[in-house]
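Residues per chain are reported as follows:
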Amino acid sequence: MSARFSILRHNLHDTSTKLLTRAASVIPAGVNSPVRAWGAVGGDPRFLVRGRGAFVWDADGNELIDLVCAWGPLIAGHAHPDVVQAVSNAARKGTGFGAPTPVEIELAEAIVAAFASIEKVRLVTSGTEATMTAMRIARGATGRSRVIKFNGCYHGHHDSLLVKAGSGAATFGVPDSAGVPAAISELTSVVEYNDIESLRASLAADPPPAAVILEPVAANMGVVSPAPGFLKAVVELSHAAGALVLFDEVISGFRVALGGAQELYDVQADLTCLGKIVGGGLPVAAVGGRADLMDLLAPIGPVYQAGTLSGNPIACTAGRETIRLLDKRAYETLEMRGAALESGLTSAIRAAGADACVQRVGSLLTLFFGVESVSNFGEASRTNTEAFASFFRAMIENGVYLPPSQYEAWFVSLAHGDAEIERIVDAAARSLGA
Ligand SMILES: *Cc1c(COP(=O)(O)O)cnc(C)c1O
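Note on numbering: residues in each chain are counted from 1, in written sequence order. Restriction of local features to residues with pLDDT of at least 70 applies here, the model being predicted, together with a cutoff of 80 or more for giving and counting side-chain atom pairs; totals for whole chains, interfaces and linings are based on all residues. Computation of side-chain values: all heavy atoms of the structure, hydrogens and water removed.

(A) Representation of the site of the ligand in the model. Here a residue is considered near a molecule or strand provided that any single heavy atom belonging to it is located within 4 Å of it. In the vicinity of the ligand, the contacting residues are Ser126, Gly127, Thr128, Tyr154, His155, Gly156, Glu215, Asn220, Asp248, Val250, Ile251 and Lys276. Within the side chain of Asn220, a nitrogen or oxygen atom sits 3.1 Å from an oxygen atom of the ligand. Here an oxygen atom of the ligand sits 2.6 Å away from a polar atom, N or O, in the side chain of Lys276. Look at the ligand: alone it shows 380 Å² of surface, and the protein chains cover 82% of it. For this classification, the nonpolar set comprises Ala, Val, Leu, Ile, Met, Phe, Trp, Tyr, Cys and Pro, the charged set comprises Asp, Glu, Lys and Arg, and every other residue, Gly included, is treated as polar. Looking at the shell around the ligand residue by residue, the classes come out as three nonpolar, six polar and three charged. Each polar contact in these results corresponds to two N or O atoms within 3.5 Å; when the atoms are within protein, one needs to be able to donate a hydrogen and the other to accept it, and residues that are neighboring in sequence are counted only if both atoms are side-chain atoms. Areas reported here follow the Shrake-Rupley algorithm with a probe of radius 1.4 Å; residue values treat only the protein chains shown as occluding.

Right, here's the structure in full:
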């Protein structure tokens, strides 16, 4: 690249750089969630100003194919006309009441219809709240305090589960956050994903566990699918030990199938946490499950949980409209596009002689550098993050916006058509060759 060309390139994201400087003086690091920073890949994050379908535009006017899709919620792509129309109609009728509204029932009914294991559901505002509430219900139901989680699974940022979490915690090297009292993190045991023996040992340890929580498709250490039989064994062994099974389907719910990983792998959890797609890009999440467990919640049960913005009507409208778009055809399309992207990337890797592999479940995938496969966090942490960083920078120069970390899923939406998939594969071929 000539010096002159590189100066021109630099100017292409001048506005984002200026906005970051301004943001950083009033917002820590200029971002409201750490994964938005580009610390792991180098450079300044782009400030995004517009999205439509599979594309986003940054503050300098660059058009990028988006594989972040708001970190998963936008399964229908950016600004889907039906969602935008419904949300603006809802907003005109009032933006929130702090009283029950009919659209909350419609969203709850859609969730109960989609998930065989969910009889009742409570709507909350973030995935973090969903897992926090699920754990409180499990502790309230069993009278036990210890919980078991899996290394590299991320369940939000509340104290109990911010232990050996993936996602941003892995990216930024803070597996255990400062500010979490040892008295709380000591109640969380960590076992290895896809390793049933490590779970068996922890279940037998004292004190007896209230719950086992996991991502049934791990997507916060990059995409790692459950080994055959793993999920069924988790359910059986946990129940035998008197522990409840909490599936965190915040990413996999409505993503890998309408009924999430539970439908795909034919297994059922006691409690299920939903987020991301369930709010269609607006802040809604949910915890649902067996009626006897859900009825432990206040005001009819002894487990307290509340939220001023819970079930916000505009957010529920976005979720309901998004779920309406998810028919059988939609999942066939997502599988087809995901498969096309996987095979295109795999060919590009071979052609470039790159040391990398692709792991995929439906429309979720990760390109891992420096490994042949990943089945747990130990293997994920042996990936070549330097190679990912160079690839990320080349991809954005080639017009593709990836999650800025090796430890994240790429999200394909219904708006990513054959042409967009082809453009991503072309960009990858060029980026891997560079
Ligand atoms: C994103 C995520 C969460 C946290 O959801 P927030 O809405 O960010 O609080 C929890 N669990 C999983 C699996 C996630 O991917």
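(B) The sheet that holds strand β4 (residues 120–124), seen in detail. Strands qualify as paired when DSSP identifies two bridges or more between them. In this text, helices come from DSSP runs of H or I with a minimum length of four residues, and strands from runs of E with a minimum of two, each type numbered from the N-terminal end. The strand order across the open sheet formed by seven strands is β4-β10-β9-β8-β7-β5-β6, and the pairing between neighbours is mixed. Of all strands in the sheet, those bounded by a partner on one side alone are β4 and β6 (188–191). On average, adjacent strands in this sheet sit at an angle of 20° to one another, irrespective of strand direction. By the bridge criterion, four bridges tie strand β9 (residues 271–274) to strand β10 (residues 285–289) in an arrangement that is antiparallel. Among the inter-strand pairings, Cys273 is bridged to a residue of β10, identified as Val287. On the sheet, helix α8 (residues 196–204) packs against β5 (146–150), β6 and β7 (209–214) and is oriented at approximately 170° with respect to β5. To obtain an axis, a line is fitted to C-alpha atoms, over the contacting stretch when the element is a helix, and the angle between two such axes runs from 0 to 180 degrees between their N-to-C directions. We call two residues contacting when some pair of their heavy atoms lies within 4.5 Å.

(C) Molecular detail of the nonpolar core. Leu341, Leu367 and Phe391 are the most contacted members of the largest nonpolar core, which totals 38 residues. Of all the secondary-structure elements, those providing two or more residues to this core are β2 (55–58), β3 (63–66), α13 (328–352), β11 (356–361), β12 (364–369), α15 (385–397), β13 (400–401) and α16 (418–433). If near-sequence neighbours (up to four positions away) are discounted, Phe391 is found in contact with Leu367, Phe369, Leu402, Trp410, Ala428, Ser431 and Leu432. Here, nonpolar core refers to any group of buried Ala, Val, Leu, Ile, Met, Phe, Trp, Tyr and Cys residues whose side-chain atoms link them within 4.5 Å. Only protein chains enter the accessibility calculation, which uses a 1.4 Å probe; a residue whose area is less than 20% of its type maximum is buried, one above 50% is exposed, and one in between is partly exposed.

(D) The arrangement of unusual backbone geometry in detail. A cis amide bond links Asp206 to the next residue, Pro207, at an omega of -10°. Residue placement: Pro207 occurs in the loop between α8 and β7. With an omega of 10°, the peptide bond between Ala298 and Pro299 qualifies as cis. You can see Pro299 is positioned in the loop between α11 (291–294) and α12 (313–324). Despite not being glycine, Ala70 has its phi angle at roughly 60°, a positive value. Positionally, Ala70 belongs in the loop between β3 and α3 (81–92).

(E) Broad picture of the pairing of β11. For β11, a buried count of five out of six residues is recorded, marking the element as mostly surrounded by other parts of the structure. Here β11 runs beside β12; their pairing, made up of six bridges, is antiparallel. The residue of β12 that forms the bridge with Val361 is Leu364. Between β11 and β12, which follow one another and run antiparallel, lie two residues, and Gly362 among them has a positive phi close to 60°.

(F) Highlighting the domain arrangement of the chain. Domain extents, as shown, originate in an automatic or database domain assignment. According to the domain assignment, the chain contains domain 1 (3–66 + 327–433) and domain 2 (81–324). A C-alpha centroid distance of 26 Å is found between domain 1 and domain 2. Buried area, as used here, totals the accessible surface that two parts lose on assembly, with accessibility defined by a 1.4 Å probe and the loss added over both. By the criterion of area lost to domain 2, the three top residues of domain 1 are Tyr331, Val361 and Phe377, representing 31% of everything that side buries. Criterion for a salt bridge: a side-chain nitrogen of Lys or Arg within 4 Å of a carboxyl oxygen of Asp or Glu. Counting across the interface, domain 1 meets domain 2 through zero salt bridges. The tally of links from domain 1 across to domain 2 stands at seven residue pairs in polar contact (both at pLDDT 80 or more). Only β11, β12 and α14 (377–380) provide two or more residues apiece to the side of domain 1 that touches domain 2. Broken down by element, the side of domain 1 that touches domain 2 gets its largest block of residues, four residues, from β12. The class makeup of the residues in the side of domain 1 that touches domain 2 is 16 nonpolar, nine polar and two charged.

(G) Quick look at the environment of Met336. Along the chain, the position of Met336 falls in helix α13. Using a relative accessible area of 52% as the deciding quantity, one classes Met336 as exposed. The spacing of Met336 and Gly362 is 26 residues in sequence and 8.1 Å in space, taken between C-alpha atoms.

(H) Quick look at the side chain of Asp248. Considering the arrangement of structural elements, one finds Asp248 in strand β8 (residues 244–248). Neither His nor the chain termini are counted; the positive set is Lys and Arg, and the negative set is Asp and Glu. The side chain of Asp248 sits in the buried core without any salt bridge; Lys276 is the nearest counter-charge, 7.2 Å away. A polar contact of 2.7 Å, which involves the side chain of Asp248, links it to the side chain of His155. Those residues within four positions of Asp248 in sequence are excluded, and the remaining contacts are Thr131, Tyr154, His155, Ile213, Leu214, Glu215, Pro216 and Cys273.

(I) Seen up close, the pattern of salt bridges. Summed over the entire model, instances satisfying the criterion amount to 14 salt bridges. When the shortest N-O distance is used, the salt bridge between Asp266 and Lys232 registers 3.7 Å. You can see Asp266 sitting in the loop between α10 (260–264) and β9 and its partner Lys232 sitting in helix α9 (residues 230–240), a full 34 residues away along the chain. Arg324 is the partner of Glu321 in a salt bridge, and the nearest nitrogen-oxygen pair spans 2.8 Å. Here Arg324 and Glu321 lie together in helix α12, a separation of three residues that amounts to about one turn. Given the relative accessible area of 9%, Glu321 is considered buried. Here the residues in one salt-bridge network are Glu106, Arg320, Glu321 and Arg324, joined through shared partners.

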